[in-house]
Amino acid sequence: MSGELKPSVIKRIIRQVGLECAAQGQALSETLVAFMVKAAVLDPRNDFNMDRILTEKDVQALIQLCVSKLLDTTNPSLSTIKMQVYFDMNYANRDELLHEQEHVLEGKLAPVVRAITESGPRAKEMENVYQKIVTYVLLRSGLGSPTNIEAVREVTAALQSVLPQTEMTTFISLSKKDKEKQLKDLAMVVTGIRLYNKQCQKGGSSIDDLPAILDKAIPLATQTIDERLKSCLLLAHQYTALLESMQQDPHRYSHLRTVKLKEALFNARQYEAFLCILQSNAITSAQEVESLDVQFEAAMMVLKNTLQDKTSTDSKEVFPLFMELSKLWASFQDEILLLSFLTNMTDNLQQFSEIHSQLFPEEMLTSLLEGVTVKSDMERIKETMGTRVNVSDFKSQEWLFPDTTDNFDQLIIQYRGFCAHSIGVKGFILPGNPAIGILKHKEKYYGFSSKEAAYIFAQDPDKFIQLNVEKAKQYAELIQLLELRHQFEYLVPRAQARNASKCSLKPLPKHDSGTQTDTHILPPTIVRSYEWNEWELRRKAIKLANLRRKLTHAMQTDLSHMRRESFTQVYLPKDVSTQTKRDNSSNVPKPQIFLKGLRGGPSSTTHMVTVDLTRPLDET
């Protein structure tokens, strides 16, 4: 076998590893186990030869290796991979999350909608339909529960002003599609009425003040993300400083394991990347809520001015205002959902960063960093701002700079912007400085942490790119952290590959384009009179020959057709009857004959006498 394990062998190994981990009390997802199995085979340090079929001994060794890695609670690499799998399987952007929520809501409302749209015109049934419409409006708006009597009364009163029960016959007569559309419109209008009544303090006690809740909750969520982002950045800066110090003075840190320190650095950087995504979403939510507050206040003011000092208002004028109010409130509800999702993601991600306090407590880090200068990413960038690649030193390579390149911010820099030289050479990641220069190599862009690193990398880019790939084989968490999915597509989980675009910090640039082509560019060259069948040609020839013996009795031109006189004759219907059978009956007398002398007599000479007692025919 070359290059990759057979699917049947992989499934068997994954199943066996999962069972053994479950027996040890660790219930792990199949995605995580599959990733760990393939990563173990890929790591050259494990000596699994991919050019031959694995023996049973190799399979058992691979299973035990994966089980030991998955059960190692002091392994930062495992925590990082778990974090990546969790984020990949659970994170969704705004549009995806709201679309999924809408799909769930439609599924909950489907039985109610079906019961309403399939109802009949009977009076008792229409009364039940009206109650179901009230339930639908409550569930659709999310402003109360059908078990809340006060909310039901408010919805019923508002619905009566929009759809009185006397008009239910008209509603029932609509088509199913029109009923569904009108249900949505009714829900929006009734929701707008309830929100207006709440603003006027005429009800709505069961409606939460979502704008006020969001104004308090979003800053708290943003603050939480910022604090955790600062703490993980501090750890990343400290780990980076330690690794640089270890390379300069290896004997000072002989008791410290370099591998664990690198894995902890990768964990901190991955945690930082995910927190940045959540922070960006929180900032977007804050901006959206701020805009919604202004729009909601303006819509409410317009509605008040429209209804002020009026006993009646045209529905065509006021209903759209109620619907607009309902749409804005639905946007507030969406922001509540998004904020809850971001909060849960932030809280659940924290568990994967707890490994730092176990391996490198704060007291231990403080002692290790004595005499070591810890630099932040911004400080590193400021130190190299004055240095810049001299383009004249490179004849066949293209360099890009922020001040000379259009749309420089939209460039997708490889390795998530980290230095392309330090990954494979030093074994850990350093933040790149775009001001030094971005190297364009094979339609990809690479950044560097220093001018010296840029010059070394530019001498043989393919060599250092391969070194980075080999380093990712040793540390599987680098595949997602540095966005190397295209080099390891067979290793990345299916869900991760499907959602690769949503895990990056910077979206891919997109451009609108369109094309148009003629239906037929060239004139048609089909000869309609062509016949390939010689017998068909013979038939046509005979037909033409027969025309010579024919006479033309009449002719018609384009100007005269449809103008000729035409006559027809029909037979008028007539009444005709026939008789095929006649019922008749007759009555005849019943024959009766009396025989005298059958029993004998006093004399032996007595003779038998026959008497006809049949009645005459005329008497019947």
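Residues numbered from 1 in each chain as written. Predicted model: local features only at pLDDT ≥ 70, side-chain atom pairs only at ≥ 80, totals over all residues. Heavy atoms only, no water.

Looking at an unreviewed UniProt entry, one finds the protein named Cilia- and flagella-associated protein 206 and attributed to Notiomystis cincta. Here is the UniProt Sequence similarities (unreviewed entry) comment for the protein, exactly as written: "Belongs to the CFAP206 family." Checking UniProt for the protein, the heading Subcellular location (unreviewed entry) contains the comment "Cytoplasm, Cytoskeleton, Cilium axoneme". (UniProt positions renumbered as here; feature names shortened; annotations may be inferred.)

Caption draft 1: Layout of the environment of Ala273. Within the secondary structure layout, Ala273 lies in helix H11 (residues 258-307). The spatial distance from the C-alpha of Ala273 to the C-alpha of Leu481 is 8.1 Å, given a sequence separation of 208 residues. (Helix = DSSP H or I, 4+ residues; strand = E, 2+ residues; numbered from the N terminus.)

Caption draft 2: The arrangement of the packing of H11 against helix H12 (residues 315-350) in detail. Remark: H11 packs on H12, axes separated minimally by 9 Å, with the N-to-C direction vectors making an angle of 160°. Accordingly, the angle class assigned to the pair H11 and H12 is roughly antiparallel. For the crossing formed where H11 meets H12, the hand is left-handed. In the contact of H11 with H12, the residues fall into 24 nonpolar, seven polar and four charged. (Axes fitted to C-alpha atoms, helices over the stretch in contact; angles between N-to-C directions. Parallel < 35°, antiparallel > 145°, perpendicular 65-115°, else oblique. Left-handed = near helix turned anticlockwise from the far one by under 90°. Nonpolar A, V, L, I, M, F, W, Y, C, P; charged D, E, K, R; others polar.)

Caption draft 3: Focus on the nonpolar core. Among the nonpolar cores identified, the biggest contains 50 residues, and Leu261, Trp399, Tyr415, Ile429, Phe448, Phe457 and Leu482 are the most heavily contacted of them. Elements represented by at least two residues in this core include exactly helix H10 (210-248), H11, helix H14 (362-368), helix H17 (451-459), helix H18 (461-474) and helix H19 (478-481). The dominant element in this core, judged by the number of residues it contributes, is H10, at six residues. A domain-level breakdown of this core finds at least three residues from each of domain 3 (210-369) and domain 4 (377-496). Sequence-distant contacts of Ile429, defined by excluding residues within four places in its chain, comprise Thr240, Leu265, Phe266, Arg269, Phe418, Ser422, Ile423, Leu481 and Leu482. Counting residues in each nonpolar core, the second largest holds 49 residues, with Met126, Val162, Val189 and Met300 among its members. (Core = buried A, V, L, I, M, F, W, Y, C linked by side-chain atoms within 4.5 Å. Buried < 20%, exposed > 50% of the residue type's maximum accessible area, 1.4 Å probe, protein only. Domains from an automatic or database assignment. Contact = heavy atoms within 4.5 Å.)

Caption draft 4: The arrangement of the packing of aromatic side chains in detail. With the rule as written, the count across this model stands at 17 aromatic pairs. A centroid spacing of 5.4 Å and a plane angle of 75° characterise the contact between Phe266 and Tyr475, whose relative ring orientation is edge-to-face. Here Phe266 is found in helix H11, whereas its partner Tyr475 is found in the loop between H18 and H19, with 209 residues between them in sequence. Using a relative accessible area of 0% as the deciding quantity, one classes Phe266 as buried. (Phe/Tyr/Trp six-rings, centres within 6.5 Å; stacked < 30°, edge-to-face > 60°.)

Caption draft 5: Quick peek at the side chain of Gln414. Here Gln414 is to be found in the loop between strand E1 (398-400) and helix H16 (422-425). The residues contacting Gln414, other than those within four sequence positions of it, are Lys444, Tyr445, Tyr446 and His486.

Caption draft 6: Quick look at the sheet that holds strand E3 (residues 444-446). Strand order in the open sheet formed by three strands is E1-E2-E3, and the pairing between neighbours is antiparallel. Of all the strands in the sheet, just E1 and E3 have a single pairing partner and so form its edges. Going across the sheet, the axis of each strand differs from the next one's by a mean of 35°, ignoring polarity. Looking at chain direction, strand E2 (residues 438-441) and E3 are connected through three bridges and run antiparallel. What sits directly across from Lys440, in E3, is Tyr445. (Pairing = 2+ DSSP bridges.)

Caption draft 7: Broad picture of the pattern of salt bridges. Tallied over the entire structure, the rule returns 20 salt bridges. For Asp43, the salt bridge identified is with Arg45, shortest N-O distance 2.9 Å. Exposure remark for Arg45: the relative accessible area of 43% places this residue in the partly exposed category. Put simply, Glu536 and Arg539 hold a salt bridge, and the shortest N to O gap is 2.6 Å. A residue pair is termed a helical-turn pair when its members lie 3 or 4 positions apart in one helix, as Glu536 and Arg539 do in helix H21 (residues 534-546) at three residues. A relative accessible area of 23% places Glu536 in the partly exposed class. When salt bridges with common partners are traced through the structure, they connect Glu102, Glu106 and Arg140 into a single cluster. (Salt bridge = Lys/Arg side-chain N within 4 Å of Asp/Glu carboxyl O.)

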